[in-house]
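Structural overview for review
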Amino acid sequence: MIRSMNKPRSFGLLAILLFALVLAPSVQSYPTGISGAQDGGCSCHGQTASSEVVPSLEGLPTELEPGATYTLNISFTGGPSFAENAEPAALGGFHLWASAGVLAPVDGMVKTNSDGSVTHTGDDKDDTGMGNDQREWQVEWTAPMEGGAKFTLHVNSVNGDGTNGGDLWGRLTAEVGPQPVEQASGLTVLASAILLMVVITLGCVIWVFYRQDPEAFAWERFWPWFSDYITSTDHKKVGTLYMVNGLFFLGVGGLFALIFRVQLATPGNDFLTQDEYNQFFTMHGTTMIFLAAMPMIAGFANWIVPLQIGAPDLALPRLNALAFWLNPAAALLLFSGIFSGQGADTGWTGYAPYIVSHTAHSGATLWVAGQILIVASSTISGINFMTTFCTMRAPGMGWMQMPLFSWSMLIATLMLFISIPAFGIGLIQVLLDRTIGTVFYEVAAGGDPLLWSHLFWYFGHPEVYVVVLPAFGVISEVLSTSARRTIFGYKSMVFALAGIGIVGFIVYGHHMFTSGMSPVLRFVTMLTTMLVAVPTGIKIFNWLQTMHGGSLVYRTHTLWALGFLVTFTLGGISGMYFPAVAMDLHLHETYFVVAHFHYVFVGGIVFGLYSGIYYWFPKATGRMMNEKVGILHFMTGFISYNLIFWPMHRLGIQGMPRRQHTYFITTDEYFALPPEAADWNMLITVAAFMFFASNLILVYNMISSGLRGQKAPSDPWGGWSMEWLVSSPPPTPSHDPSDLPVLEFAEIHEDGEPGFFGRMIQWMMIPEDDGGEEE
Amino acid sequence: MSYGGHDDHHHDHQHSHWGPHDWDHGHGGAPHNSWAPIMLAFGSSIFLLGFTKVFTQTWDSEASIWTYAIHSSQLGLLIAGLAIFTAGLTVFWRQDWSHSGSYEAKAVGTPFRTIDIRKVAVWMFLMSEMMVFSSLFSTYIRYRLGFDNCVELFESSIEPGSTVVLEAGQQCWLPASYFIAEGGYHQEYANAALGFMPDTLIPGAINTFALIISSYTIVLALKTAKDSSLSDAERSRKVGNYLSITLFLATLFLTFKLIEWFIGFNIGHPGDWYYFHAPSLSADHFTIHESAYTYCHHWDHHGGVDHKGACEPGMDAIFDIRMSASTFYVTTGTHGVHVFGGMVALAYMVLKAYRGGYTPQNAVSIEYFGLYWHFVDLVWVLVFPAFYLY
Amino acid sequence: MGEHGHHTILGFDRYAFNFWVLMIFTAIEVVAVALTFSMKGTVSMNTVVFILVSVGIVKGVGIAAIFMHLQGDEDSRVLTATALFPVFFIVVMVLFIGLTHPDAADTLPAWCRPGFYT
């Protein structure tokens, strides 16, 4: 296998080399700048500062007197202004920034800029000042009442030919008075933390490799082991890659949240600028949905579905690997620009017309490109899973004998790959709008921003179910196994899933109640949205009834499932405020919405997936997870999670607006917020750090148990779906293709005579000649 | 058909040293590895990065307009992405090269039992493709219904007693068919070649027939490949020929599309009986950037060779027709991209066919590509009347 | 997978038959539009749209049924069901996205608009 990889590998290396060669010149110029003119220099007079030009800044005191006014003399020597100046009327210019205090011009040679810095007059054609004809300038600086200040001075030495060519510039920095403690910017924190995470992840990979067989450790064996993973098409290895990818980005998404929670901890905070805040919450949403939740779900699906339905592998293994690798490839595009302050700032919904306007950051273009790859990934994995479900269920396993996790994945996959092309087309339209200049969302050409909202939410709402249905499936499996009985109302569970799948497509208008869309559609989606509560309610009551009729074993995965029941029900109840148009208009732009969707996303999806991790970890690795650490994880996680999101309901009703980078305690008529809002926000921030930390417990538990945990039997929990038939960890292929398992005793789900749909399916099917009809 | 499992005689099949086909898990049953996915993924990522760098618009804040430019200095990135993608595709297909119909996996579950898994997968793919084109058509319907038709708008403005006042740069919908089927600027030439048909429609009409013929040749290729009465050599030759014709017709399709969009053509001179004049749409100012399109209600037909005739006084208006152009180019362009994808696959299949790769055992491969190809044809059946004729 | 067999339609090979039907109907399509053009004003646009839609349906069904083997094969029924599966979602999409307009808010009755209090 490895032997046959030589040629593709050299191809790959060549491709990477080619790529690096091409990319090298591009890296420098993209994305633009790090933090504006002070660092990048005066770009109009050449790219980098020249040592020939020596600026000087005189008049700064040694002992700073608060509030006093000082006259500063600016001058420079060297450069073309002295050497070969053709026209003495244009000699040079300067730009002076002060971090504190007030700069003011003394005469007509100097003017104040909008950001408080000062520069010479006559810097463009409209400005008739003579400041360009000098080599010396005077400004006044009023010291701040407390603390010192930093100065940054740029001077241009001009050759007077009227163009920028041949000009040189120099830089000088100066400090006066006591300097404040250096404050890290949010971006620096983020970049350092992500870098740290990458290093830790790579360290973990190497450590896992080492710990597998410490005796035989050799670096030469690392690359074959590693490349076997990254080129693998085995559903289990791809599933592992998905999980690693998903957990990594769950951490990154969490970092975004922590950083903007620091910003929101106190009213009127300025830790993040508005611009940074916009990028952070955009990337938080995008990362959590597309790079954390969906890959983790795909990871579970990869691991469990073929095992559970008795298939040797997925239907299209190589396309499965492709669907995975599109995720990290997309992540590179999605994140491009964020570290230079040019990341997407559009919100995860990327609403038009902002996203096609010139005010949107340049990173938004690549954000759109990255999303296109995510769409491709979802489409490919959707095709793959649909085919697997439809064609590769073990003999004897009819539709109504499929385990509920598989059912939920089937419905989720179906919804995903039917709905996501709408999003893809919308993205392509936006990408073309932003690159070649089509006008789909250009309001000046009659473009309709609502069309984007429609295309986005046509996908976006089913997407909500796409991520939550697999969690439903996990909970169904976990609760029935833990309650040591079959799931209550299997058939109603299946029809509830299918019902959610159908109704989920005609409710999306409730995201757009405030957008001014067609009132008829508003009314229709109001009703259908309320309808979704019916199948969801059926599921909740079935789970309760399952526990009621069973005898519950409290394992960590059971605890997470119970936690899910509480939080998801709460999220569902808070969700019932939104279908009512009048209530939605009132609450739409507040933290109540944030509370609601985090209750369903975190309390629903993440809790469900955690439950799944504890439940299937022994199957995947062959090792039991540490229950004590697991319970610690659950207790800290559950409590801190509720401390984060429960107060948000209250904040929302009090009127705290979402998507805004700060808030103020005020009695203003429209923006009134009581003083307690600040306390709640501080509590939320503290709890957010606790929640983040509690997840590190999970990571620790996974790694340490995976390496040193107790050996797991093939069926540690007493489950009876087909994944428990095979050994832990499962062999490859997962089920022997020449000896597939046969589902023989499925009376529990037996329907007897086929019903209406059963007869329909029989009519469609190819006539059997070897019996074994199961519907 | 027995459940699952591969019959033993398949195992003597010699597979490529590049790695086996998806479903050939080898003798040990182990899944094979492939570099193709990672190369395809990062290749497309780099391609998109290059795309956004090559086609970058900049905002001119003084004039409050976008300015467009193609930064050819950045083309390297785009080409590198394409190269990596192509290399990935080569690896992928090289692994398929030896597929001879053995290991063709069959469905075991209802309702697709005994059908090839790949066939079901292709249909699943077509389901999502249907949604792709419905999204495009939804966009089209929404905008077409949401805009006034330029011609009707103008006619209503010149009616006696009309209250409609046209502003310069009024947004309205000038359908592509105005240029293609109705002749647009070129009504004076409409009768030149065929007596009754506007020449601009010719490339589109030829394309329609080309696609239908190519649909037919691909089923003929399938039928021939399945024909076990032919000798291997003859079958390979015939299948190869049919596939080549299909590839040729697809190329013809895209060529005519480019001619219709950008190039246009002239045959002979005005007055010749065979005179043929098909200007391109962009020469007619039907472009995505046309915010000041000069609309002439009736051309006086006494101008020069091209549409140099002056408008009749009072019979012109300045319209903003960017939206109709955007919709037209993106929808037909998406279809064109599908045709191009089909051409790439066809090129592989032609090579494989001439080397005897298709036998009655694996003729279904041609059928599965054919399903896609017919679907592309089917979409054209809808696109053609909606965008070219109406 | 069985052989697709050499079914015939009206004595012709089914593929060839379908091919010629498609060619003829496309010709009808083009000629209909060309005629409309040359007889400007005498044929209503609705007639053209009617012709285009009906010809489109015939061609679409022909391609799907015969070229894509949705008719006559043993697996045709289940694959037809598969192919028709997205129809519901397409209808929803066209209704919700293609055919709704925000302008509709202007045409609401007075009692349904903001500012109506009695």
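In this text, all values refer to a predicted model and were calculated from it rather than measured experimentally. (Residues numbered from 1 in each chain as written. Chains lettered and ligands numbered in written order. Predicted model: local features only at pLDDT ≥ 70, side-chain atom pairs only at ≥ 80, totals over all residues.)

1. Points about the overall build of chain B
When helices and strands are tallied, chain B shows nine helices and seven strands. By the burial criterion, 53% of the 390 residues in chain B qualify as buried. (Helix = DSSP H or I, 4+ residues; strand = E, 2+ residues; numbered from the N terminus. Buried ≥ 20, exposed ≤ 12 C-beta atoms within 10 Å, placed from the backbone.)

2. Section: the overall build of chain A
Helix and strand counts for chain A come out as 19 helices and nine strands. Counting across all 775 residues of chain A, residues that qualify as buried make up 52%. Of the contacts made within chain A by residues no fewer than 6 positions apart, 78% connect residues no fewer than 24 positions apart. (Contact = placed C-beta atoms within 7 Å.)

3. Considerations on the domain arrangement of chain B
Residues and elements named next belong to chain B. Assigned domains of chain B: these are domain 1 (1-105) and domain 2 (117-389). Tallying the contact residues gives eight residues for domain 1 and eight residues for domain 2. Residue composition of the side of domain 1 that touches domain 2, grouped by class: four nonpolar, three polar and one charged. (Domains from an automatic or database assignment. Nonpolar A, V, L, I, M, F, W, Y, C, P; charged D, E, K, R; others polar.)

4. Details of the sheet that holds strand 6 (residues 293-296) of chain B
Residues and elements named next belong to chain B. Here three strands make up an open sheet; going across it, the order is 3-7-6 and the pairing mixed. The two strands at the open ends of the sheet, each matched to only one other strand, are strand 3 (170-171) and strand 6. Bridging between strand 3 and strand 7 (residues 316-320) involves two bridges; their strand directions are parallel. Looking at the pairing, Gln170 lines up with Phe319 of strand 7. (Pairing = 2+ DSSP bridges.)

5. Brief notes about the sheet that holds strand 5 (residues 110-112) of chain A
All names here are of chain A. A sheet is described by the order of its strands in space; here five strands give the open sequence 5-6-3-8-9, paired in antiparallel fashion. Both edges of this open sheet fall to strand 5 and strand 9 (168-176), since each of them pairs with a single strand only. Averaged over all pairs of adjacent strands, the angle between their axes in this sheet comes to 15°, without regard to strand direction. The pairing of strand 3 (residues 92-98) with strand 8 (residues 149-157) spans seven bridges and is classified as antiparallel. When the bridges of strand 8 are listed, Gly93 appears paired with Asn156. (Axes fitted to C-alpha atoms, helices over the stretch in contact; angles between N-to-C directions.)

6. Some points on unusual backbone geometry
Look at the link from A:Ala352 to A:Pro353: it is a cis peptide, with omega at 0°. Along the chain, the position of A:Pro353 falls in the loop between helix 8 (317-335) and helix 9 (363-391). The residue after A:Ser728, namely A:Pro729, is reached through a cis peptide bond having omega -10°. Within the secondary structure, A:Pro729 sits in the loop between helix 18 (676-708) and helix 19 (756-764). Not every positive phi belongs to a glycine, and A:Arg659 is a case in point at roughly 65°. Locating A:Arg659 in the fold gives a position in the loop between helix 17 (627-654) and helix 18. A tally of 12 C-beta atoms within 10 Å means that A:Arg659 is categorised as exposed. The backbone of C:His69 shows a phi angle near 60°, a positive value even though the residue is not glycine. Mapped onto the elements of the fold, C:His69 is located in the loop between helix 2 (45-67) and helix 3 (76-84). Judged by C-beta crowding, with 21 C-beta atoms within 10 Å, C:His69 ranks as buried.

7. Quick word on the interface of chain B and chain A
Tallying the contact residues gives 77 residues for chain B and 84 residues for chain A. Looking at which element gives the most residues to the side of chain B that touches chain A, the answer is helix 1 (residues 36-54) of chain B, with 15 residues. In the side of chain B that touches chain A, the residues fall into 43 nonpolar, 28 polar and six charged.

8. Topic: the environment of A:Ile475
Residue and element names in this part refer to chain A. Inspection of the secondary structure assignment puts Ile475 in helix 11 (residues 449-482). Taking C-alpha positions, Ile475 is 22 Å from Arg393, a pair spaced 82 residues apart along the chain. Ile475 has contacts with Trp543, Ala561, Phe564, Gly608 and Ser611, leaving out every residue within four places of it along the chain.

9. Observations concerning the domain arrangement of chain A
For chain A, the assigned domains read domain 1 (39-176) and domain 2 (232-708). On a C-alpha basis, the centres of domain 1 of chain A and domain 2 of chain A stand 52 Å from each other.

10. Brief notes about helix 3 (residues 117-146) of chain B
Its 30 residues place the ends of helix 3 of chain B 43 Å apart at the C-alpha level, agreeing with the 44 Å of an ideal helix rising 1.5 Å per residue. Counting buried positions along helix 3 of chain B yields 24 of 30 residues, so the element is predominantly enclosed. (Expected span 1.5 Å × (residues − 1).)

11. Re the interface of chain A and chain C
You'll often see interface size given as the accessible area lost when the parts meet. Each side of the interface is counted separately: chain A has 17 residues, and chain C has 17 residues. Taken together, the elements giving at least two residues each to the side of chain A that touches chain C come down to helix 10 (404-435), helix 11 and helix 13 (519-549) of chain A. No other element matches the four residues that helix 11 of chain A contributes to the side of chain A that touches chain C. Looking at the side of chain A that touches chain C, its residues break down into 14 nonpolar, three polar and no charged.

12. Comments concerning the packing of helix 6 (residues 201-226) of chain B against helix 7 (residues 232-263) of chain B
Residue and element names in this part refer to chain B. At a closest axis distance of 9 Å, the pairing of helix 6 and helix 7 adopts a crossing angle of 165°. Here helix 6 is positioned roughly antiparallel relative to helix 7, judged by the angle of their axes. Read as a crossing pair, helix 6 and helix 7 show a hand that is left-handed. (Parallel < 35°, antiparallel > 145°, perpendicular 65-115°, else oblique. Left-handed = near helix turned anticlockwise from the far one by under 90°.)

13. What about helix 7 (residues 274-309) of chain A?
All names here are of chain A. The terminal C-alpha atoms of helix 7 lie 50 Å apart, and with 36 residues this matches the ideal 52 Å at 1.5 Å per residue to within 8%. Taking burial as the measure, the 36 residues of helix 7 include 33 buried ones, the bulk of the element. Once helix 7 finishes, Gly310 follows within two positions and takes phi at roughly 75°, a positive value.

14. Description of the environment of A:Leu319
All names here are of chain A. On the secondary structure map, Leu319 appears in helix 8. Residues Leu319 and Ala98 lie 221 residues apart in sequence; the distance between their C-alpha atoms is 57 Å. With near-sequence residues (within four places) excluded, Leu319 lies in contact with Ile380 and Asn384.

15. Digging into the confidence of the model for chain B
All names here are of chain B. Averaged over all residues, the pLDDT of chain B is 82; the fraction at 70 or higher stands at 83%. Mean pLDDT across the elements of chain B ranges from a minimum in strand 5 (residues 276-278), with 73, to a maximum in helix 8 (residues 322-354), with 95. The low-confidence segment residues 1-17 (pLDDT under 50) makes 28 contacts with residues lying over four places distant or belonging to another chain. Predicted confidence is poor over residues 300-308, with pLDDT under 50, and the contacts of this stretch with residues over four places away or in other chains come to 13 contacts. (pLDDT = per-residue confidence, 0-100.)

16. Focus on the environment of B:His277
All names here are of chain B. Tracing the backbone shows His277 in strand 5. For His277, a count of 23 C-beta atoms within 10 Å translates into the label buried. Once the C-alpha coordinates of His277 and Gly264 are considered, the two residues, 13 residues apart in sequence, prove to be 8.0 Å apart.

17. Some words on the packing of helix 14 (residues 556-575) of chain A against helix 17 of chain A
All names here are of chain A. The contact between helix 14 and helix 17 brings their axes to 10 Å, and the two run at 10°. When the interaxial angle is binned, helix 14 and helix 17 end up roughly parallel. Residues Thr556, Leu559, Trp560, Gly563 and Ser574 of helix 14 touch helix 17, and the partners they reach there are Glu627, Gly630, Ile631, Phe634, Phe638 and His649. Broken down by class, the residue content of the contact of helix 14 with helix 17 amounts to five nonpolar, five polar and one charged.

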